[in-house]
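# Inside the fold
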Amino acid sequence: MNSIVWSSIDTWIIVTSSLVAMASAIPGCFLFLRKQSMIADALTHAALPGVVGAFIAVGMLQGWGWVDPDAGWAFRQTMMFGGAMVAGLLTAFLTQWVTSAGWIRGDAALGVVFTTLFAIGLIMLRQFADQSDVDLECVLYGQLDTIGLSKGIPSEAITSAIMLVINLVLVVVLFKELMMTTFDPQLAGTLGLDPRWVHYGLMTITTATIVTAFEVVGSILAIGMLVIPPSTAFFINRRLRPMILVSMAAGVSACVLGHLAAITLPGPITRALGLPYVESVTTSGAIVLAATLQMLVAMLFGPERGLLVDRYRATSRSVGRETA
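Now for a description of the structure that goes with this document. These figures come from a predicted structure and were not determined experimentally.

Okay, the overall build of the chain next. Regarding its fold elements, the chain presents 14 helices and zero strands. Overall, the chain shows an N-to-C arrangement of helices and strands of α-α-α-α-α-α-α-α-α-α-α-α-α-α. Counting all 324 residues of the chain, 44% fall into the buried class. For the chain, the proportion of contacts with a sequence separation of at least 24, taken over those separated by at least 6, is 75%. Accessible surface computed for the chain: about 16,900 Å², of which carbon and sulfur atoms make up 67%.

This is the structure in structure tokens:
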């Protein structure tokens, strides 16, 4: 096995992906407990027309001479963030509207809304591919493997850190409101809280987190980090605060293990199987696989809800009753 050649790029890959994972774990836990985890998938896909529309708008503004092409990076990033935020929030509002109207069930409403917006985004991408300059591979995998090529602290790491701080502050300040509307929305309503606006606030933070992670790690990892670590934490601890902390820790460990696996395992595996030699694979995909393996271990051996642990406890209780 070849020795690992570690560089600052590898360090920034782990740091940035870990920041994304921790930021995603916070809203991800509330979505999991509300049984709305798959809205992360919907928001990620529905953001596509907003992203493409932002690139088209920037291209038009540059063509008119209103934006300097050489100095418009920050403006383009801001436009992309705004476009994706609008599309994501539109998904949440339309889904809630269709569901409250009673036309179709909530899960079906979510499917209809996000697939429609995603289809619109694909049509826009095909129609205006030259103006939008959107790389589909970048949409799936992000640019995680190229982070750290420039000097100094990568802008992606700074953006992800800011998003993490915002999510931490909001969950601390609004913890009671989020917890009450998550576990007992009817009681929250009687106490003067409007579960709908708390829901829209959670969707806003979730959308902002997804959009922040979207360009950095791509849609695959953005969805995975919102869904898989909270699922892992669910089998380890029943209380909300520890669940959030465990979810954040699970996300960080998945990032470390995933990147190490991406740069060390493909070579020996392909050589052992007699396949064409592959030196490394995409880090985003490896992180998702590492997170999934962690979830499977927690599902079997988790101290709170692990399947084997629960079976062992049930067997012990049965033997104890028979003995008594």
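Continuing now.
Further remarks concern the packing of aromatic side chains. Under the definition given, this model contains four aromatic pairs. Ring plane angle 75° and centroid distance 5.6 Å describe the contact between Trp197 and Tyr200, whose orientation is recorded as edge-to-face. Within this pair, Trp197 and its partner Tyr200 are both found in helix H10 (residues 195-234), separated by three residues, close to a single helical turn. Here Tyr200 falls in the buried class, since its relative accessible area comes to 12%. Aromatic rings pair up to connect Phe32, Phe234 and Phe235 into one cluster.

A surface patch of nonpolar side chains, about 450 Å² in accessible area, is lined by Val165, Val169, Val172, Val173 and Leu174. Mapped onto the fold, Leu174 is located in the loop between helix H7 (155-173) and helix H8 (175-183).

With a phi angle near 60°, Lys35 is a residue other than glycine that sits in the positive phi range. Structurally, the position occupied by Lys35 is in the loop between helix H1 (8-33) and helix H2 (39-63).

Reading the values: rules and limits
Residues numbered from 1 in each chain as written. Predicted model: local features only at pLDDT ≥ 70, side-chain atom pairs only at ≥ 80, totals over all residues. Heavy atoms only, no water. Helix = DSSP H or I, 4+ residues; strand = E, 2+ residues; numbered from the N terminus. Buried < 20%, exposed > 50% of the residue type's maximum accessible area, 1.4 Å probe, protein only. Contact = heavy atoms within 4.5 Å. Areas by Shrake-Rupley, 256 points an atom, 1.4 Å probe, with all protein chains shown as cover. Phe/Tyr/Trp six-rings, centres within 6.5 Å; stacked < 30°, edge-to-face > 60°. Patch = residues over 30% accessible without salt bridge, like charges linked within 9 Å, V, L, I, M, F, W, Y side chains within 5 Å. Salt bridge = Lys/Arg side-chain N within 4 Å of Asp/Glu carboxyl O.

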